[in-house]
Amino acid sequence: MKIFLVSFVCLFVGTFATQDCDVSKCEGFQTLYKELGCKAVVKEGSCCPVKYECPDFTARNKDKCHLNGQEFDVNSELPKALTDKLCVPYCHCVKHDPEAPAKLDCGHYDCPEYFSGLSDPSCVLTYDLDGCCSSGQLCGKEAQEKAAKCYLEGKEYMEGQKMYAEDFSCVCTSSFDNSTLVNNPNCKASACGFEMHYAPKLQKGCVPIYYANNQACPIDWKCPNAEKDQVLKKSLSANDETEHCTFGSLKVAVGDEAATESKETTCKCVVPPFVECVRQKHPNY
């Protein structure tokens, strides 16, 4: 699992949102904005952002690598204190093509369960919340019956099993409380490592494509194409004062869409500045 931690700062217009405001419940895909360190703009008395203010990735120095607001020279290695937190053993800044932006070339942990699986199919893998690989197995009917049980989104889990919901990854423990995942000691925010793994895409102005309404990690990317890009008017109330998303040279008002090449994919401006693309059919099926 690759864990990507970025501080998330909110800019409020008017009063501050209440402490129990759960942004993960708001409309739109919040994970991307959180990971990129974008600032949320919230109307007075509201909880959900109307837009985000994000760094201009297309204007970044293409001869440097970027992560968490820091710049790294080509051929340099990221500090282990940073990569260890991300469940990544190492990252180097590389630039193979003089015309392309520099990027991070990272290794990954070869967890035993990725290759050997379970020697006994009746066992289940168990994890620690901050562990990169499984920490053990729960085997045998008696042990599994005695294990603490957790319930999340209608599914039952045994103690030590991983659980995923909304923008969080959790581990089942005897103290797990499913009433809220925010500030839950058995959960942490999910992360896709957008800046670490997809920086060249972001620098080209591309946007992630998600599968259905899954707010996890992207299954593909859509990049600007000046010859084909056009706005599809969907909102009857959009005007010059309406907040808008930017995609290439297009300005897409909230509620409007950017044309796509596939009927399976829609790209709509929901929460600026990025259009949000959703594919109804997974490419692997």
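So, here is what we can say about the structure in this document. Worth saying up front: this structure is predicted, and the values here are computed from it rather than measured. (Residues numbered from 1 in each chain as written. Predicted model: local features only at pLDDT ≥ 70, side-chain atom pairs only at ≥ 80, totals over all residues. Heavy atoms only, no water.)

Turning to helix α5 (residues 194–203), a few remarks are in order. Of all the positions in α5, only Phe194, Glu195, Met196, Ala199, Leu202 and Gln203 are classed as buried. End-on view of α5: buried residues confined to an arc of 120°, all on one side of the axis. Elements in contact with the buried residues of α5: α1 (30–35), β4 (64–67), β6 (91–94), β7 (103–106), β15 (207–211) and β16 (220–222). One or two positions beyond α5, positive phi appears at Gly205, with a value near 85°. (Buried < 20%, exposed > 50% of the residue type's maximum accessible area, 1.4 Å probe, protein only. Helix = DSSP H or I, 4+ residues; strand = E, 2+ residues; numbered from the N terminus. Arc of directions from axis to C-beta. Contact = heavy atoms within 4.5 Å.)

By the definition in use, this model includes 5 aromatic pairs. Summarising the aromatic geometry, the rings of Phe194 and Trp221 are spaced 6.3 Å apart at their centres and angled 75° between planes, so their arrangement reads as edge-to-face. Remark: Trp221 occurs in strand β16 and Phe194 occurs in helix α5; sequence separation between them is 27 residues. Residues Tyr198 and Trp221 carry aromatic rings whose centres are separated by 5.0 Å and whose planes lie at 45° to one another, so their mutual orientation is tilted. Here Tyr198, found in helix α5, pairs with Trp221, found in strand β16; they are 23 residues apart in sequence, far enough to count as distant. Judged by its relative accessible area of 23%, Tyr198 is partly exposed. An aromatic cluster of three or more residues is present, and its members are Tyr33, Tyr52 and Phe274. Seen from the ring of Phe168, Lys34 lies directly overhead, with NZ or CZ sitting 5.9 Å from the centre. When the ring centre of Tyr127 is taken as reference, the NZ or CZ atom of Lys162 above it lies at 4.2 Å. (Phe/Tyr/Trp six-rings, centres within 6.5 Å; stacked < 30°, edge-to-face > 60°. Lys NZ or Arg CZ within 6 Å of the ring centre and 35° of its normal.)

Taken as a whole and assessed by the stated rule, the structure comprises 13 disulfides. The disulfide that involves Cys150 links it to Cys172, with 2.1 Å between the sulfurs. Its torsion about the S-S bond being 85°, the disulfide of Cys150 and Cys172 is classed as right-handed. Placement of the pair is Cys150 in strand β10 (residues 149–152) and Cys172 in the loop between β13 (168–171) and β14 (187–189), with a sequence separation of 22 residues. Cys172 matches Cys150 in its accessibility class, with the two residues each being buried. Note on cysteine connectivity: Cys267 is disulfide-linked to Cys277, with sulfurs 2.0 Å apart. Since a negative S-S torsion denotes a left-handed disulfide, the Cys267-Cys277 link at about 115° is right-handed. Linking Cys267 in strand β21 (residues 265–268) with Cys277 in strand β22 (residues 276–279), this pair joins segments that are 10 residues apart in sequence. Across the pair, exposure class does not vary: Cys267 and Cys277 are buried alike. (Disulfide = S-S within 2.5 Å.)

All right, on to the pattern of salt bridges then. Inspection of every chain in the model, using the stated rule, returns 10 salt bridges. Between Glu243 and Lys51 there is a salt bridge; the shortest N-O distance is 3.7 Å. One end of the pair, Glu243, is in the loop between β17 (231–232) and β18 (244–247); the other, Lys51, is in strand β3 (residues 49–53), and 192 residues separate them in sequence. A relative accessible area of 32% places Glu243 in the partly exposed class. (Salt bridge = Lys/Arg side-chain N within 4 Å of Asp/Glu carboxyl O.)

In this section: the sheet that holds strand β12 (residues 162–165). Taken together, the 3 strands give an open sheet; going across it, the order is β12-β13-β14, and neighbouring strands pair in antiparallel fashion. What marks the edges here is a single partner per strand, and that holds for β12 and β14. In this sheet, adjacent strand axes meet at a mean angle of 25° when their direction is disregarded. Examined bridge by bridge, β13 and β14 share 3 bridges and lie antiparallel to one another. Looking at the pairing, Phe168 lines up with Ala189 of β14. (Pairing = 2+ DSSP bridges. Axes fitted to C-alpha atoms, helices over the stretch in contact; angles between N-to-C directions.)

Coordinates in, geometry out; function isn't part of it.
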